Amino acid sequence: MTGRAGHNPDKRFLSKGILQMKFMSRSSHAPEEVSTASGNRDTQWIVDSGAVSQRNIIIDESYMKLEDLCEIGRITSKQFNPYIEKILAEKNRLRDSDEPSDDQEDVQEMDGVSASEMSSRYNSLVSNKKRAPGLGDDSSDEEETNQDATERRKFLKPS
Amino acid sequence: MSDTARKEIPDKPSIVVCGDSFAIPPDKDLTVGPGLVFRNNSVTCTKPGVIKSNDKSVWIDRNNRRYVPVLEERVIGIIIGRVMDEYRVDIGGAHVAMMSSIAFEGATQRNKPELKPGNVVFARVIAANKDVEPELACVNKKGKANGLQVLEGGHIIQCSLGLSRKLRQHKSPLTQPLFNHFKSFELCVGMNGRVWVRSDTNKHTVAISIYLKRCEYLCVADAVMTLKQTVRALG
């Protein structure tokens with residue numbers, strides 16, 4: 001009987017003496033700790049600056065972008081330093097054509113994945129996990145899974 | 001305070017002092033630059049200077065002498081020592097910066113430049129936090145040097161941060177006269193108020209250094225006049 005009570009999650013079946021033992025008290029507190037940890041995980045990244053996030057205020061302590069200063073910071077005359085001359089020519093070309101420079105490209109790459117792109121990619125990964133690879137494209141997989149679901153829902157009356 | 005908070009950001013550059021506050025329209029996206037803090041739907045000045053603004057940003061233009069490291073800025077540093085695999089670099093700020101010995105293009109643990117105290121590097125600030133030492137690297141985010149390197153030869157002058165910003169402007173009026181007077185020279189301007197000068201002869205290097213130092217206090221026309229006199233005197 002005690003063995004059954006041990007498997008039962010309801011602690012009322014265990015004796016008071018056992019519940020007060022150290023290892024039992026630990027296990028009883030464990031779920032609470034998990035819940036608090038998950039709560040912290042959500043709140044620890046939220047900065048108390050609601051007005052800033054709503055208005056999209058950017059704090060920039062550098063004059064580089066504000067005054068449109070030269071990023072390279074090197075000046076050379078008449079091929080005195082061909083290496084720098086080459087870099088400056090490339091920079092001027094990108095500036096005239098409004099293409100992003102190397103550093104700007106990196107920034108774009110860092111926040112380039114949109115939520116919709118991520119969800120579609122994740123969906124394809126899930127469908128690939130369910131089925132073996134090389135059995136057609138994602139759309140056909142989705143149709144088949146939908147068909148399976150309708151078939152499963154069909155109720156067969158016992159004869 | 002409440003009266004000043006109702007003022008809007010002036011269109012034209014105007015002088016402000018600490019504590020001046022300017023209201024921002026409620027649905028306007030804005031970049032708040034140095035010398036300002038955003039608080040209670042308004043920007044408040046923390047430094048005196050000239051407030052400047054455009055459609056997307058507002059900032060205080062003022063001249064400083066002490067450099068405060070800012071992320072992604074390029075600075076000229078002087079190696080002052082080595083700790084394990086890191087160099088200690090003086091960038092003219094309140095704290096000494098650290099730079100990894102392999103933070104160079106193509107550097108590995110086996111193949112890396114050996115720098116000694118006194119060497120000069122043009123590096124990028126990759127970490128700037130008030131609680132930790134600033135960190136430098138001689139590579140950009142893609143691992144390329146892109147103009148960041150050890151600067152050999154030449155001469156370093158110290159100037160204000162405002163002058164270094166003027167020198168870094170595209171087609172700066174301060175650097176244009178140098179192209180007229182000198183055939184071959186090279187400048188490297190750090191945002192920390194250090195300018196590295198190199199040219200084909202030492203006389204020209206000295207003349208350029210004197211010219212740049214005088215640009216601090218003179219207008220461009222007067223500085224060019226002194227440049228001509230210096231070149232004539234040096235022969």
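Since the model is a prediction, treat every value here as computed from it, not as a measurement.

Asks: Residues and numbers for the sheet that holds strand 6 (residues 49-53) of chain B, please.
Replies: Hydrogen bonding along the main chain pairs the strands of a sheet, whether they run parallel or antiparallel. As summarised here, the arrangement of the 5 strands in space is 1(A)-3(B)-7(B)-6(B)-1(B), forming an open sheet in which the pairing is mixed. Two strands lie at the open edges of the sheet, namely strand 1 (57-59) of chain A together with strand 1 (14-16) of chain B, each paired on one side alone. Mean inter-strand twist for the sheet, computed between neighbouring axes without regard to direction, equals 30 degrees. Here 3 bridges tie strand 1 of chain A to strand 3 (residues 30-32) of chain B, and the two strands are oriented parallel to one another.

Asks: Describe in detail the pairing of strand 9 (residues 86-90) of chain B, supporting the description with residues and values.
Replies: Each regular strand carries side chains that alternate between the two faces of the sheet. All names here are of chain B. Burial along strand 9 is one-sided: the face carrying Tyr 87 and Val 89 is buried and the face carrying Glu 86, Arg 88 and Asp 90 is not. Where strand 8 (residues 74-83) hands over to strand 9, the hairpin turn is made up of 2 residues, of which Met 84 adopts a positive phi near 55 degrees. Of the strand pairs in this sheet, strand 9 and strand 10 (residues 97-100) are connected by 4 bridges, and their pairing is antiparallel. Opposite Arg 88, over in strand 10, you have Met 98 as the bridge partner. Counting the residues that bridge the hairpin from strand 9 to strand 10 gives 6 residues, and of these Gly 92 lies at a positive phi of roughly 80 degrees.

Asks: Explain the confidence of the model for chain A to me, using residue names and the numbers behind them.
Replies: Residues and elements named next belong to chain A. In the predicted model, chain A carries a mean pLDDT of 69, and the fraction of residues at 70 or more is 49%. At the level of individual helices and strands, chain A shows its lowest average pLDDT in helix 1 (residues 2-7), which scores 48, and its highest in strand 2 (residues 74-76), which scores 91. Counting contacts from residues 32-39, a segment whose pLDDT is below 50, to residues more than four positions away or on other chains yields 0 contacts.

Asks: Any chance you could break down the pairing of strand 15 (residues 185-189) of chain B for me, citing the residues and the numbers?
Replies: Along strand 15 of chain B, 5 of the 5 residues are buried, which leaves the element largely enclosed by surrounding structure. Relative to strand 15 of chain B, strand 2 of chain A runs antiparallel, the two sharing 3 bridges. What sits directly across from Ile 75 of chain A, in strand 15 of chain B, is Leu 187 of chain B. Strand direction decides the pairing type here: strand 15 of chain B and strand 16 (residues 194-199) of chain B, joined by 5 bridges, are antiparallel. Looking across to strand 16 of chain B, one finds that Cys 188 of chain B is bridged to Trp 196 of chain B. Taking the residues between adjacent antiparallel strands as the criterion, strand 15 of chain B and strand 16 of chain B are bridged by 4 residues, where Gly 193 of chain B takes a positive phi near 85 degrees.

Asks: Got a sec to walk through the interface of chain A and chain B? Specific residues and values, please.
Replies: Counting from both sides, the interface comprises 30 residues of chain A and, opposite them, 35 residues of chain B. Contributing elements (two or more residues each) for the side of chain A that touches chain B: helix 4 (50-55), strand 1, helix 5 (63-66), strand 2, helix 6 (82-96) and helix 7 (102-110) of chain A. Looking at the side of chain A that touches chain B, its residues break down into 15 nonpolar, 6 polar and 9 charged.

Asks: Can you lay out the sheet that holds strand 4 (residues 36-39) of chain B for me, pointing to particular residues and giving the numbers?
Replies: Residue and element names in this part refer to chain B. Taken in spatial order, the 3 strands make up an open sheet running 2-5-4, and their pairing is antiparallel. The sheet terminates laterally at strand 2 (21-23) and strand 4, the two strands that pair on one side only. Each adjacent strand pair in this sheet contributes to an overall mean axis angle of 25 degrees, direction not counted. By the bridge criterion, 4 bridges tie strand 4 to strand 5 (residues 42-45) in an arrangement that is antiparallel. Opposite Arg 39, over in strand 5, you have Ser 42 as the bridge partner.

Asks: So, the domain arrangement of chain B: which residues are in play, and what are the values?
Replies: Residues and elements named next belong to chain B. Segmenting chain B into domains produces domain 1 (2-61), domain 2 (74-151) and domain 3 (155-234). Distance from the C-alpha centre of domain 2 to the C-alpha centre of domain 3: 25 Å. Contact residues are listed per partner, giving 9 residues for domain 2 and 8 residues for domain 3. Counting only elements with at least two residues in the side of domain 2 that touches domain 3, the list comes to strand 8 and strand 11 (120-127). The leading source of residues in the side of domain 2 that touches domain 3 is strand 8, at 3 residues. Partitioning the side of domain 2 that touches domain 3 into residue classes produces 6 nonpolar, 2 polar and 1 charged.

Cut-offs applied
- Residues numbered from 1 in each chain as written.
- Chains lettered and ligands numbered in written order.
- Predicted model: local features only at pLDDT ≥ 70, side-chain atom pairs only at ≥ 80, totals over all residues.
- Pairing = 2+ DSSP bridges.
- Helix = DSSP H or I, 4+ residues; strand = E, 2+ residues; numbered from the N terminus.
- Axes fitted to C-alpha atoms, helices over the stretch in contact; angles between N-to-C directions.
- Buried ≥ 20, exposed ≤ 12 C-beta atoms within 10 Å, placed from the backbone.
- pLDDT = per-residue confidence, 0-100.
- Contact = placed C-beta atoms within 7 Å.
- Nonpolar A, V, L, I, M, F, W, Y, C, P; charged D, E, K, R; others polar.
- Domains from an automatic or database assignment.

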